[in-house]
Structure formats: C-alpha cells, structure tokens
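Here is how the chains run, residue by residue.
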Amino acid sequence: MGNFLAPQLEIDRDFIRPPGAGSELEFLTSCTRCGKCQEVCPEQTICLFSLTSGAKLVNTPYVDPNESPCTFCLRCIEACPTEALNLADYKKRPAIGMVKVQRDSCLGNQQVMCDYCVRSCPVGGALTLVNGIPVVSEKHCTGCGICVASCIADGGALKVIGVF
C-alpha cells in the first residue's frame, strides 16, 4: 500500500525548507521542532512557522531567500539532532530553490546596463547576461537569494521560487 499523503504534501507546499531537508513527509515526521537550526543560523535566514500556519507546520523551519539570503553555511544541518536536515539529502539536492527573472522589472530588459545580480552570484555559471538580460541556469542555481538582495531594480526583478 503506497503513501497517498506524500505527493499531496509536496503539491500543497508554497514555502522553502532549509538546506538538507528531504521530502516534506520525511521532514515532518523527523523534525522535533526544537528550533536549533534557527538558533545557529548566522544570517538569521531560518524562521519557524507560528501556530497560525496550522498544527502540521507549527515550529518547523522555513527560509525565504527573497527576504534573507542563505549562505549555505550548513550549520543548520550540523545542529539538527534528528537529521531532519541532513548532509545526504543536501548532497542529493543542494538547491533550495531557483531564481526567476521578472522581465518587466529587470533593468536589462529596459535597455539599462546592469549586472549586479550576476556579479553577486556566488555560484559560477548560475547567472549570466545574454544581450544584457540575466539568464538563470537551472543546473547551477541554488536559490540562495543573494542575487535577489543585490538587485537594484525598483521593486526587485528577481524572485526565488521553491523546487520540490
């Protein structure tokens, strides 16, 4: 008998877990909601869901790289006592998300020379300029959000979305 709940958990998810989280079902069943991952995060990127998010998610960690970039220091994985965040899952899937370019907002699309996002990207080849417009490599982008924080376009032209 298969687990019919697991696929639905991934479909319903509109948030990003910290590095090293496996499938949502595995994560929810192994996370003790201790908050140690949040405590050790030097960038204060990791947040914990409140009760208003529902009993299933309360006190579980999430990240929003659009608000605060993740540097992938992996201290959260080291601090996790149950391996809900673990190195094996991180190595299988090191990306927590993917950057999408909002073409309407991007300065390059408005014929303004700008390369802040490309220069800020810590992963070689994840962002390149093609005819002055940033192009994201799905193979290399980790979804860290550093380019989002570096974007100078009014309202921002980059957004990290989760990859599940």
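Computed from a prediction, not measured in an experiment: that's the story for all the values here. (Residues numbered from 1 in each chain as written. Predicted model: local features only at pLDDT ≥ 70, side-chain atom pairs only at ≥ 80, totals over all residues. Heavy atoms only, no water.)

1. Some points on the pattern of salt bridges
Per the counting criterion, the structure on display carries four salt bridges. Arg 13 is paired through a salt bridge with Glu 24; the nearest N and O atoms lie 2.8 Å apart. Taken together, the residues Arg 13 in the loop between α1 (5-12) and α2 (24-30) and Glu 24 in helix α2 connect sequence positions 11 residues apart. Judged by its relative accessible area of 2%, Glu 24 falls in the buried class. Its salt-bridge partner being Lys 92, residue Asp 89 comes within 3.2 Å of it at the nearest N-O pair. Here Lys 92 and Asp 89 lie together in helix α5 (residues 87-92), a separation of three residues that amounts to about one turn. Several salt bridges converge on common partners, so that one network encompasses Arg 13, Arg 17 and Glu 24. (Salt bridge = Lys/Arg side-chain N within 4 Å of Asp/Glu carboxyl O. Helix = DSSP H or I, 4+ residues; strand = E, 2+ residues; numbered from the N terminus. Buried < 20%, exposed > 50% of the residue type's maximum accessible area, 1.4 Å probe, protein only.)

2. Description of unusual backbone geometry
In the Ramachandran plot, Phe 72 falls in the positive-phi region, its phi being about 55 degrees despite a non-glycine side chain. Considering the arrangement of structural elements, one finds Phe 72 in the loop between β2 (61-63) and α4 (75-79). Phi is positive for Leu 74, which is not a glycine, with a value near 70 degrees. With respect to the helices, strands and loops of the structure, Leu 74 is situated in the loop between β2 and α4.

3. Notes on the nonpolar core
If you look at the biggest cluster of nonpolar residues, it comprises 35 residues, and the most contacted ones within it are Leu 85, Cys 147 and Leu 158. Listed by contribution, the elements that provide at least two residues to this core are α4, β3 (97-101), α7 (146-150) and β6 (158-162). With three residues, β3 is the largest single contributor of residues to this core. (Core = buried A, V, L, I, M, F, W, Y, C linked by side-chain atoms within 4.5 Å.)

4. Thoughts on empty space enclosed by the protein
In the structure shown here, the tally under the stated rule is five cavities of 30 Å³ or more. Here the largest cavity defines a volume of roughly 110 Å³. Lining of the largest cavity is provided by 14 residues; of these, Cys 106, Cys 114, Cys 117, Pro 134 and Cys 151 occupy positions nearest its centre. The residue makeup of the lining of the largest cavity, split by class, is 12 nonpolar, two polar and no charged. (1 Å grid on protein atoms, 1.4 Å probe; cavity = no way out; pocket = protein on both sides within 12 Å on 5 of 7 lines; lining within 4 Å. Points joined across faces, edges and corners; volume = space filled by probe spheres on them. Nonpolar A, V, L, I, M, F, W, Y, C, P; charged D, E, K, R; others polar.)

5. With respect to the environment of His 140
On the secondary structure map, His 140 appears in the loop between β5 (133-136) and α7. As a C-alpha pair, His 140 and Leu 129 span 11 residues in sequence and 15 Å in three-dimensional space. Those residues in contact with His 140, other than ones at most four positions away along the chain, are Val 123, Gly 124, Gly 125 and Ala 126. Separated by 3.0 Å, the side chains of His 140 and Ser 137 make a polar contact. (Contact = heavy atoms within 4.5 Å. Polar contact = N/O pair within 3.5 Å; in protein donor to acceptor, adjacent residues only side chain to side chain.)

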